[in-house]
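So the chains spell out like this:
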Amino acid sequence: MALTASRIASFGFQALSFPFKKAESPRPTKIKGVNMELSLTQPDDWHLHLRDGDLLEAVVQHSANQFGRAVVMPNLKPPVTTTAAAVSYRESILKALPTKSDFTPLMTLYLTDNTHPNEIKLARESGVVFAVKLYPAGATTNSQDGVSDLFGKCLPVLEEMIEQNMPLLVHGEVTNSEVDIFDREKVFIDTILRPLIQKLPHLKVVMENITTEDAVRFVESCSEGSVAATVTPQHLILNRNALFQGGLQPHNYCLPVLKREIHRQAIVSAVTSGNKRFFLGTDSAPHERKRKETTCGCAGIYNSPVALSAYAKVFEEAGALEHLEAFTSFNGPDFYGLPRNTAKIKLIKKPWKVPEFYTLEDGGQLVPMFAGQTLDWFPSTLT
């Protein structure tokens with residue numbers, strides 16, 4: 001990662017009043033003087049929700065502008081349970097990309113009690129499916145078709161995944177209503193994930209969107225290269241107080257839910273330490289404002305436009321900018337056995353204001369993380 005200081009041209013931030021599909025990259029506010037730059041190998045997003053239809057067309061550009069690749073989650077309606085469905089979804093994503101975009105979607109399958117081992121063979125042979133996602137039934141958005149019998153019906157599939165070197169991506173929460181929502185990750189580790197690793201030690205596992213010190217310690221206790229974790233901007237920056245400060249804050253509601261400050265600090269310490277087991281996964285999850293600000297709001301934070309700025313903030317505050325590039329650009333592809341990107345992207349230490357919302361073509365609104373706030377690191381174009 002090259003760290004330089006240079007003078008750059010300044011130009012004004014424009015208020016958003018454009019159709020969302022034609023959204024431009026955010027612009028920095030006017031400032032004078034010397035500005036620090038970070039030159040990073042182009043990052044990848046190892047956990048991304050792109051949705052489908054009009055919403056897909058609206059949001060994909062924000063990821064494609066900054067990330068080279070992204071592991072795309074399969075929890076659509078209906079879910080992406082077959083290789084054929086994954087190939088079709090990939091084609092939809094590619095059609096929605098801006099002209100000349102090099103963004104590559106890495107597809108996943110949605111694991112169910114009825115998934116057949118042969119589907120894993122087909123997935124590997126396709127060359128476009130890179131992992132299988134485990135959603136415990138009812139754990140998060142569109143997870144009602146998830147797994148209810150992991151150690152029974154799903155065991156042959158997991159064994160075939162070992163043969164095909166196909167990682168299992170885990171939403172790490174139990175869904176038992178008797179378990180407190182703030183304890184569901186820890187209980188999942190103790191009752192499901194740890195026994196799974198003990199039973200199938202050669203299965204590659206990514207614990208997605210970790211939120212607790214318990215998850216950090218578990219991942220650190222496993223063999224490097226066999227178990228890893230993705231980490232979101234929100235779980236590095238926010239704790240559960242952010243759900244209630246100044247009233248109920250629906251745009252800070254996600255699953256797994258935000259946790260206590262002690263857990264946030266543990267995650268920050270882990271990812272800024274340089275540990276190769278942790279890597280970038282935004283879990284950017286767009287929902288229209290009307291579906292967030294309602295009597296039964298959807299879980300998910302839309303952070304794609306601000307993710308790199310947020311990660312840079314965390315590493316800078318921890319005095320660990322030298323480890324940022326590994327977290328954003330190296331650890332993920334190394335775990336998946338994929339080549340690192342060769343393009344570069346710049347982060348400039350220059351304030352820019354996050355839009356209050358993005359306007360969809362049908363007049364709906366999409367509220368990003370840090371809406372209306374000023375961030376210090378501005379993601380520039382690829383070089």
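Residues numbered from 1 in each chain as written. Predicted model: local features only at pLDDT ≥ 70, side-chain atom pairs only at ≥ 80, totals over all residues. Heavy atoms only, no water.

If you look the chain up in an unreviewed UniProt entry, it shows as Dihydroorotase, mitochondrial from Papaver somniferum. Heading Sequence similarities (unreviewed entry) of the UniProt record for the chain holds this comment: "Belongs to the metallo-dependent hydrolases superfamily. DHOase family. Class II DHOase subfamily." (UniProt positions renumbered as here; feature names shortened; annotations may be inferred.)

(A) Local environment of the sheet that holds strand S5 (residues 104–110). What the eight strands build is an open sheet, ordered S3-S4-S5-S6-S7-S8-S9-S10; its pairing is parallel. The open sheet has two edge strands with one neighbour each: strand S3 (45–48) and strand S10 (278–280). Within this sheet the neighbouring strands show an average axis-to-axis angle of 30°, counted without direction. Sheet topology places strand S9 (residues 227–231) next to S10; three bridges connect them, and they run parallel. Bridge pairing in S10 links Thr-230 to Phe-279. (Pairing = 2+ DSSP bridges. Helix = DSSP H or I, 4+ residues; strand = E, 2+ residues; numbered from the N terminus. Axes fitted to C-alpha atoms, helices over the stretch in contact; angles between N-to-C directions.)

(B) Just the pairing of S9, in detail. With five of five residues buried, S9 is to be regarded as a mostly interior element. Inspection of the sheet shows strand S8 (residues 205–208) paired to S9 by three bridges, in the parallel sense. Looking across to S9, one finds that Met-207 is bridged to Ala-229. After leaving S8, the chain enters helix H6 (residues 213–221) and then returns to the sheet as S9, a path that is right-handed. (Buried < 20%, exposed > 50% of the residue type's maximum accessible area, 1.4 Å probe, protein only. Right-handed = clockwise from strand over helix to strand, strands pointing away.)

(C) Up close: helix H11 (residues 324–336). With 13 residues, H11 extends 19 Å between its outermost C-alpha atoms, agreeing within 8% with the 18 Å of an ideal straight helix rising 1.5 Å per residue. Taken as a whole, H11 carries its principal kink of about 45° at Phe-330; the proline Pro-333 stands between one and four residues after it. Counting buried residues along H11, 11 of its 13 residues qualify, which places the element largely inside the surrounding structure. By the burial criterion, the buried members of H11 are Leu-324, Glu-325, Phe-327, Thr-328, Ser-329, Phe-330, Asn-331, Gly-332, Pro-333, Phe-335 and Tyr-336. A positive phi of about 75° marks Gly-337, the residue just after H11. (Expected span 1.5 Å × (residues − 1). Bend = angle between axes of the 7 residues up to and from the residue.)

(D) Up close: unusual backbone geometry. Cis geometry is found at the peptide bond from Lys-77 to Pro-78, where omega equals -5°. Phi is positive for Arg-51, close to 60°, though the residue is something other than glycine. Relative to the elements of secondary structure, Arg-51 occurs in the loop between S3 and helix H1 (53–64). Notably, Lys-100 is not glycine yet its phi reads approximately 70°, a positive angle. Its location among the elements puts Lys-100 in the loop between helix H2 (83–96) and S5.

(E) Examining the pattern of salt bridges more closely. Inspection of the entire model under this criterion finds 13 salt bridges. Residues Asp-190 and Arg-194 are paired through a salt bridge, measuring 3.8 Å at the closest nitrogen-oxygen approach. Within this pair, Asp-190 and its partner Arg-194 are both found in helix H5 (residues 184–199), separated by four residues, close to a single helical turn. The salt bridge involving Arg-340 is made with Asp-334; its shortest N-O contact spans 2.8 Å. The partly exposed category is assigned to Asp-334, whose relative accessible area is 41%. Through salt bridges with shared partners, a single ionic network connects Lys-186, Asp-190 and Arg-194. (Salt bridge = Lys/Arg side-chain N within 4 Å of Asp/Glu carboxyl O.)

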